[in-house]
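# Structural overview
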Amino acid sequence: MLTGGSAWLDAGNTIEFVSSTIGMYALNNSNDAIAAFNSGTPVNSIDPIQGEGVFIFKAITGTAPEDIYYGMIMVKDVSPNVSVSFEYRIGNMYAHLQIIK
């Protein structure tokens, strides 16, 4: 299962996920991803082998608009009860580019 880390969540941060598709990931369009997230049913944790293994996430780290991050995760490999490797894309606002670095 993928979820926010306990220390990160205890600091007041949140993360939610909505299941998506490989097609949405390939489009790499943050506006479409945000619209899909908002029309979906967010959950606090995800099973990496569920559906197509692609999820849109929304992370909130504060109260300012730039503290809201949207992105997408695509699961690449899963070893049950051992590890998960994934690729992700983040950055719905220009200011997030500094965080990606």
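Preceding block: the structure.
This report concerns the structure included in the present document. The structure presented is a predicted model; accordingly, all values stated were derived computationally and were not measured. Residue indices follow the written sequence of each chain, beginning from 1 at its first position. Predicted model: local features are reported for residues with pLDDT of at least 70 only, side-chain atom pairs are reported and counted for 80 or more only, and whole-chain, interface and lining totals are derived from all residues. Excluded from the side-chain calculation are hydrogens and water; included are all heavy atoms of the structure.

## Concerning the sheet that holds strand S4 (residues 54-60)
Strands qualify as paired when DSSP identifies two bridges or more between them. Under the scheme used here, helices are H or I runs from DSSP no shorter than 4 residues and strands are E runs no shorter than 2 residues, and both carry numbers assigned from the N terminus. A sheet is described by the order of its strands in space; here 4 strands give the open sequence S2-S4-S5-S6, paired in antiparallel fashion. Edge strands, defined here as strands with exactly one partner in the open sheet, are strand S2 (14-19) and strand S6 (83-90). Strand-to-strand twist in this sheet, taken as the mean axis angle between neighbours without regard to direction, amounts to 30 degrees. Pairing analysis gives 8 bridges linking strand S5 (residues 68-79) to S6, with the strands arranged antiparallel. Residue Met74 lies in a different strand from S6, and its bridge partner there is Glu87. Sheet strands in contact with helix H3 (residues 30-39) are S2, S4 and S5, and its direction is about 85 degrees off that of S4. Helix axes are fitted to C-alpha atoms over the stretch in contact, other axes to C-alpha atoms as well, and angles between N-to-C directions run from 0 to 180 degrees. By the convention used here, residues are in contact when the closest approach between their heavy atoms is within 4.5 Å.

## Focus: the side chain of Lys58
Following the sequence through the fold, Lys58 ends up in strand S4. One buried charged side chain, Lys58, makes no salt bridge at all; its nearest oppositely charged neighbour is Glu16, positioned 5.3 Å away. With sequence-adjacent residues up to four places away left out, Lys58 is seen in contact with Thr14, Ile15, Glu16, Phe37, Ile68, Tyr69 and Tyr70. Three labels apply to residues, based on accessible area from a 1.4 Å probe with only protein chains included: buried if under 20% of the type maximum, exposed if over 50%, partly exposed otherwise in between. Working convention for charge: Lys and Arg count positive, Asp and Glu count negative, and His plus the chain ends are omitted. Only one rule defines a salt bridge in this text: a Lys or Arg side-chain nitrogen within 4 Å of an Asp or Glu carboxyl oxygen.

## As for the pairing of S4
Most of S4 sits out of view: 6 of its 7 residues are buried. The sheet contact formed by S2 and S4 spans 6 bridges and is antiparallel. Opposite Thr14, over in S4, you have Ile60 as the bridge partner. As paired strands, S4 and S5 are joined by 7 bridges and run antiparallel to one another. Looking across to S5, one finds that Ile56 is bridged to Met72.

Such coordinate-based values are descriptive only and should not be taken to indicate function.
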